[in-house]
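An overview of the molecular structure
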Amino acid sequence: MEFLDKMVLQQSAHHMVLLKYLLVLTLIIFYCYAGLLLGSTFLSLFYKLKSKKLEDSNNSIFSKMLIDLVTFNKSVGFALGIIPIISASFCYAQLLHKTGLDLPEFILIAALIFYFGLGFVYLYKFRMKKNKSSWYFGIISTVLLAVSTLVLIGSTQLAIDSENWKNQNDIISIVLSARTIFSYLHFVVFSLLSASLFFLYKYFRNNSEEEFPSELLRVYSRNQSLKIGLVSVIILPALVLIYIFLKPISSLSFNFFGYAVLALISLLVISVFLYVMIKENKTAYGSKALFFLVLFISIMVIKDQFAFDTATKKHFVVLASEYEEYQKKVQEEFGLLVETINGADIFNGKCVACHQFDKKLVGPPYNETLPKYEGKKEALVQFILNPVKINPDYPPMASQGLKPSEAEAVADYILSTYKK
Ligand code: HEC
């Protein structure tokens, strides 16, 4: 699977820095959206199954409200899900060119699975709207979304781990590595937290009660989302810590730890907001908590990117020097490479074995032969390029295989030097 490798454009060091920024941005957008989608689909399925079992309508309506969270518009899935994940694959293809890693292709596979997952989410939603049996669509979509994000996260983890580039370059070992599993667990908990916070934000922003058919449902859905949010925000820091301890040594840096601390602080702030919301029976802090959640995932992505930087330092030097060679080749092709041809160098390299200015060697001294070329540089250049037999006292001179520009340079040099 190297077809992406063939599409790679040569990058200068500056372009690679830009690509890295682009990668950070696309990953942040993708994780925010995919987390919300996975969390809300999973929770919706959970309450759907619960309502099936208990045969009550509150769980069923709650389940519908959950799936409505992010599926308001189909193009959102493309803009925030499919496009970012495909761009991430292209960024990695460029940045990891020549490493022999297949992970850009793995990410494309993840994009494909995500695409089908998205399709099933909408099927699930529409069947639910029509009160048709829908739970198996919920299961399929949850599984597809979970698998695609797992493959993506596994691939980004392998990118960080340069020591294992050689022996983990297949989907199974990527997905089953301890680091991927913990990193994935923390994404799953993050997705539950984001779904619950977004639910509170969306339905309780104005403290309006119209959205809810009954007060009972209002209280029930509010309590459920607060509970899910609180449990997730308590579990997350532990997962973040384990994840840090599992990082490969080659990718650790001071910045990495700094960002990890910031991530933990933002989780702390979210938990305070959630606590206040529960305690004071107010839900108005939903938007603020969401802000810190976006901050949290951004920090996590940037932190990983620092690890990626550290891990790929050596590789980028290889790419940068390759780029320089490539550029030289292109310049030569278009005749842009200005070679500095130095007549003195050519003389010292090619002529000095047989010629001196004032002494006879194999060939005659220049001081004797050059006066007749005074003002006739063209003739001298022609002789140097195609020597002809001239003086019976000397053997013929062999052609020196110079280019016209080189012959001219050396002619200039000897003509201007012999007089001195
Ligand atoms: C292997 C020895 C050899 C090398 C190397 C050599 N030459 Fe000569 N060159 C000769 C000989 C021998 C002659 C005399 C040829 C003759 O008179 O037929 C000669 C003659 C000349 C002459 C005089 C021509 C004339 O009209 O009388 C010039 C000028 C000259 N060489 C320039 C150069 C330059 C410039 C280079 C280096 C790029 C060079 N040669 C390298 C052997 C050499």
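What counts, and where the lines are drawn
- Residues numbered from 1 in each chain as written.
- Predicted model: local features only at pLDDT ≥ 70, side-chain atom pairs only at ≥ 80, totals over all residues.
- Heavy atoms only, no water.
- Helix = DSSP H or I, 4+ residues; strand = E, 2+ residues; numbered from the N terminus.
- Rg over C-alpha atoms; globule rule 2.2 N^0.38 Å.
- Buried < 20%, exposed > 50% of the residue type's maximum accessible area, 1.4 Å probe, protein only.
- Contact = heavy atoms within 4.5 Å.
- Areas by Shrake-Rupley, 256 points an atom, 1.4 Å probe, with all protein chains shown as cover.
- 1 Å grid on protein atoms, 1.4 Å probe; cavity = no way out; pocket = protein on both sides within 12 Å on 5 of 7 lines; lining within 4 Å.
- Points joined across faces, edges and corners; volume = space filled by probe spheres on them.
- Nonpolar A, V, L, I, M, F, W, Y, C, P; charged D, E, K, R; others polar.
- Salt bridge = Lys/Arg side-chain N within 4 Å of Asp/Glu carboxyl O.
- Patch = residues over 30% accessible without salt bridge, like charges linked within 9 Å, V, L, I, M, F, W, Y side chains within 5 Å.
- Donors = N, O, S within 2.8 Å, 3.2 Å for Na, K, Ca; no water.
- Tetrahedral: all angles 85-135°; square planar, octahedral: opposite > 155°, others 65-115°.
- Near = heavy atom within 4 Å.
- Polar contact = N/O pair within 3.5 Å; in protein donor to acceptor, adjacent residues only side chain to side chain.
- Sits in = over half its atoms within 2 Å of the grid points.
- Domains from an automatic or database assignment.
- Core = buried A, V, L, I, M, F, W, Y, C linked by side-chain atoms within 4.5 Å.
- Disulfide = S-S within 2.5 Å.
- Phe/Tyr/Trp six-rings, centres within 6.5 Å; stacked < 30°, edge-to-face > 60°.

**Description of the overall build of the protein**
Within the protein, the secondary structure is distributed over 15 helices and zero strands. Relative to the 2.2 N^0.38 estimate, which gives 22 Å for 420 residues, the radius of gyration of the protein is 35 Å and therefore markedly larger than a compact globule would have. For the protein, the spread of C-alpha atoms along the principal axes amounts to about 120 × 40 × 40 Å. Expressed as a percentage of its 420 residues, the buried residues of the protein come to 49%. If you take every contact in the protein between residues at least 6 apart in sequence, the share linking residues at least 24 apart comes to 77%. With the model as given, the accessible surface of the protein reaches about 21100 Å², and the carbon-plus-sulfur share is 65%.

**Some words on the layout of surface pockets**
In this structure, the largest pocket occupies an estimated 550 Å³ of space. In this structure, the largest pocket is lined by 28 residues; those nearest its centre are His-355, Gly-363, Pro-364, Phe-383 and Met-397. Among the secondary structure elements, those contributing two or more residues to the lining of the largest pocket are α12 (343-351), α13 (366-369), α14 (377-385) and α15 (404-417). In terms of residue count, the dominant contributor to the lining of the largest pocket is α14 (three residues). Class assignment for the residues of the lining of the largest pocket results in 20 nonpolar, five polar and three charged.

**Overview of the pattern of salt bridges**
Tallied over the full model, the rule gives seven salt bridges. In this structure, Asp-68 and Lys-125 form a salt bridge, with 3.2 Å as the shortest nitrogen-oxygen distance. Placement of the pair is Asp-68 in helix α3 (residues 57-68) and Lys-125 in helix α5 (residues 103-129), with a sequence separation of 57 residues. Residue Asp-68 is joined to Lys-129 by a salt bridge in which the shortest nitrogen-to-oxygen separation is 3.1 Å. One end of the pair, Asp-68, is in helix α3; the other, Lys-129, is in helix α5, and 61 residues separate them in sequence. Each of Asp-68, Lys-125 and Lys-129 takes part in one network of salt bridges that share partners.

**What to know about a nonpolar patch on the surface**
A cluster of nonpolar side chains, namely Phe-78, Ile-83, Leu-112, Tyr-115 and Phe-116, defines an oily patch on the protein surface of about 520 Å² accessible area. The set of elements that each furnish at least two residues to the nonpolar patch consists of α4 (74-95) and α5. Structurally, Ile-83 can be placed in helix α4.

**A closer look at the coordination of the iron atom of the ligand**
The iron atom of the ligand binds to the protein through His-355 (NE2) and Met-397 (SD), with metal-donor distances spanning 1.9 to 2.2 Å. One way to put it: the six donor atoms around the iron atom of the ligand meet at angles of 87 to 178°, and that makes the site octahedral. Pair noted here: His-355 is in the loop between α12 and α13 and Met-397 is in the loop between α14 and α15, with a separation of 42 residues, a long-range link. Overall, the relative accessible area of 11% leaves His-355 in the buried class.

**Observations concerning the site of the ligand**
In the vicinity of the ligand lie 24 residues, with Cys-351, Cys-354, His-355, Tyr-373 and Met-397 positioned nearest. Within the side chain of Tyr-373, a nitrogen or oxygen atom sits 2.5 Å from an oxygen atom of the ligand. Between the ligand and Asn-391 there is a distance of 2.9 Å, counted from an oxygen atom to a backbone nitrogen or oxygen. Taken atom by atom, the bulk of the ligand overlaps the largest pocket. Mapped onto the shell around the ligand, the elements with two or more residues apiece are α12, α13 and α14. Here the shell around the ligand takes three residues from α14, the largest share from any one element. Each residue belonging to the shell around the ligand can be placed in one class, and the counts come to 16 nonpolar, five polar and three charged.

**Here we look at the domain arrangement of the protein**
By domain assignment, the protein separates into domain 1 (3-329) and domain 2 (343-417). The distance between the C-alpha centroids of domain 1 and domain 2 comes to 73 Å.

**Examining empty space enclosed by the protein**
In this structure the tally under the stated criterion is three cavities of 30 Å³ or more. The computed volume of the largest cavity comes to approximately 210 Å³. Around the largest cavity sit 19 residues that line it, and Tyr-31, Gln-157, Tyr-243, Val-301 and Asp-304 are the ones nearest its centre. Of all the secondary-structure elements, those providing two or more residues to the lining of the largest cavity are α2 (13-54), α6 (135-160), α8 (178-204) and α11 (286-333). Split by residue class, the lining of the largest cavity holds 13 nonpolar, five polar and one charged.

**Considerations on the nonpolar core**
Counting 97 residues, the largest nonpolar core has Tyr-31, Tyr-92, Leu-103, Phe-114, Leu-274 and Phe-296 as the members making the most contacts within it. Broken down by element, the residue count for this core peaks at 16 residues, all from α2. Apart from the residues lying within four places of it in its own chain, the contact partners of Phe-114 are Phe-30, Tyr-33, Ala-34, Leu-37, Gly-81, Ile-82, Leu-145 and Ser-148. With 19 residues, the next largest nonpolar core counts Tyr-366, Tyr-373, Ile-384 and Leu-402 among its residues.

**Side note on unusual backbone geometry**
The phi angle at Glu-55 is positive, at roughly 50°, despite the residue not being glycine. Looking at where Glu-55 falls in the secondary structure, it is placed in the loop between α2 and α3. Relative accessible area serves as the criterion here: at 70%, Glu-55 is assigned to the exposed category.

**Things to note about the state of the cysteines**
Tallied over the full model, the rule gives zero disulfides. Free cysteine: Cys-32, not disulfide-bonded; nearest cysteine sulfur from Cys-91 at 17 Å.

**Remarks on the packing of aromatic side chains**
Inspection of every chain in the model, using the stated rule, returns 29 aromatic pairs. When the centroid spacing of 6.3 Å and the interplanar angle of 55° are considered together, the rings of Phe-199 and Phe-204 count as tilted. Residue Phe-199 is classed as buried on the basis of its relative accessible area, which comes to 0%. Look at Phe-204 and you get buried, because its relative accessible area is 0%.

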